[in-house]
Amino acid sequence: MEPLITANYHTHSKYCKHADGESEEYAQAAVDSGMKELGFSDHTPYPFPEGYYSSFRMYPKEMKDYIADVLRCREAFADKLEIHLGYEVEYYPRHFEALIKGLTAAECDYIILGQHFTNNEYDGEYSGEGTEDEGKLKLYVDQVSEALETGLFSCLCHPELIHFTGPDEIYKEHMTRLVKAAIKTETPLEINLRGLKFRSHYPDALFMQIAGSLGADFIIGVDAHEPGDLHPGREYKEALELAEKYGLHLIDRLKLKKPAV
Ligand SMILES: [Zn+2]
Ligand SMILES: [Zn+2]
């Protein structure tokens, strides 16, 4: 029998401007897949300086619509699915505190960390760009670790989004620090199914070797950008095979932490 995915906490929505489908369609797809829990975690609305508008996240003024959408879904599916309201959040040191204040003043069950950029996206570096620069790897690991230390995150998404193409020993040294920070703060790492869907540079073999040998917890995350992603046949099977191969400790539910200031 095909193994079933019972929970997914990494789900986007139309509000981020690069995902398709209504929230209800995601919820229905989760039910059809046999899931018991679905967490919406769209790209967080960041309070950026005047005049800068991010192209891949909801605007702050759209947040109330996103919340209303997810809460409506929660009610409509109450007898079939446990629905959580969350956000995928980058740790941009300059703006992080204001962001968390805004999220917790509104409504937020949990946040997951996806460090798509270091520093921030208007004068920082995209993490997924191939680089041999140890400085960039170090900065990514420093900022991810600092973010985890806040204790606010329920999971670290695609931890190996940083695409370091230099020597393995250097990668190993820094990523060991990242894995240790995750273990210390009891933050599960994600096996990202979107990376498997698009044959991206993650999940990464060396990273899984490191994390597997240190005994970190792993959760499978769909990173859904369309409702159909919640039927992750091939990718889910591959993720289970990777977990087996690298001796990863898999968990199937997250302990969601409600962020507070
Ligand atoms: Zn992401
Ligand atoms: Zn995502």
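Residues numbered from 1 in each chain as written. Chains lettered and ligands numbered in written order. Predicted model: local features only at pLDDT ≥ 70, side-chain atom pairs only at ≥ 80, totals over all residues. Heavy atoms only, no water.

Turning our eyes to something else, we now look at the overall build of the chain. Assigned secondary structure in the chain consists of eight helices and 10 strands. Taking 261 residues into account, the globule formula puts the C-alpha radius of gyration at 18 Å, and the chain, at 17 Å, falls close to it. Viewed in the frame of its principal axes, the chain has a C-alpha envelope of about 55 × 50 × 30 Å. Counting every position in the chain, which comprises 261 residues, the buried fraction comes to 54%. Relative to all contacts within the chain whose residues are 6 or more apart in sequence, the contacts with residues 24 or more apart total 80%. In the structure as shown, the chain presents an accessible area of about 11,400 Å², 51% of it carried by carbon and sulfur atoms. (Helix = DSSP H or I, 4+ residues; strand = E, 2+ residues; numbered from the N terminus. Rg over C-alpha atoms; globule rule 2.2 N^0.38 Å. Buried < 20%, exposed > 50% of the residue type's maximum accessible area, 1.4 Å probe, protein only. Contact = heavy atoms within 4.5 Å. Areas by Shrake-Rupley, 256 points an atom, 1.4 Å probe, with all protein chains shown as cover.)

Protein-derived coordination of the zinc ion (ligand 2) comes from H10 (NE2), H12 (NE2), E88 (OE) and D223 (OD), at a distance range of 2.1 to 2.4 Å. Around the zinc ion (ligand 2), the four donor atoms are arranged such that angles at the metal cover 80 to 167°; this shape is classified as irregular. As a motif over one chain, the donors of the zinc ion (ligand 2) read H-x1-H-x75-E-x134-D. Residue classification places D223 among the buried positions, given a relative accessible area of 4%. (Donors = N, O, S within 2.8 Å, 3.2 Å for Na, K, Ca; no water. Tetrahedral: all angles 85-135°; square planar, octahedral: opposite > 155°, others 65-115°.)

Further remarks concern the coordination of the zinc ion (ligand 1). Summarising the metal site, the zinc ion (ligand 1) is bound by the protein donors E88 (OE), H116 (NE2) and H158 (NE2), whose distances to it range over 2.2 Å. Within one chain, the residues serving as donors to the zinc ion (ligand 1) are arranged as E-x27-H-x41-H.

Following the criterion strictly, the structure yields 23 salt bridges and no others. The closest approach of N and O atoms between K136 and E125, which form a salt bridge, is 3.6 Å. Here K136 is found in helix α4 (residues 134-149), whereas its partner E125 is found in strand β6 (residues 125-126), with 11 residues between them in sequence. When its relative accessible area of 31% is taken as the criterion, K136 is described as partly exposed. Here E125 falls in the partly exposed class, since its relative accessible area comes to 38%. (Salt bridge = Lys/Arg side-chain N within 4 Å of Asp/Glu carboxyl O.)

Within helix α7 (residues 205-214), burial applies to L206, F207, M208, I210, A211 and G212. N-cap assignment for α7: the residue whose side-chain oxygen lies 3.0 Å from the backbone N of L206 is D204. In the segment just after α7, G215 is the residue with positive phi, at about 85°. (Polar contact = N/O pair within 3.5 Å; in protein donor to acceptor, adjacent residues only side chain to side chain.)

With that settled, the discussion passes to the packing of aromatic side chains. Per the stated rule, a full pass over the model turns up 15 aromatic pairs. Arranged with centres 5.0 Å apart and planes meeting at 85°, the rings of F48 and Y52 form a pair that is edge-to-face. You can call Y52 partly exposed: its relative accessible area is 26%. A network of ring pairs unites the aromatic residues Y46, F48, Y52, Y92 and Y122 as a single cluster. Here the basic side chain of K17 rests over the ring of Y59, its NZ or CZ set 3.8 Å away from the ring centre. Over the aromatic face of F56 sits the side chain of R57, whose NZ or CZ is 4.6 Å from the ring centroid. (Phe/Tyr/Trp six-rings, centres within 6.5 Å; stacked < 30°, edge-to-face > 60°. Lys NZ or Arg CZ within 6 Å of the ring centre and 35° of its normal.)

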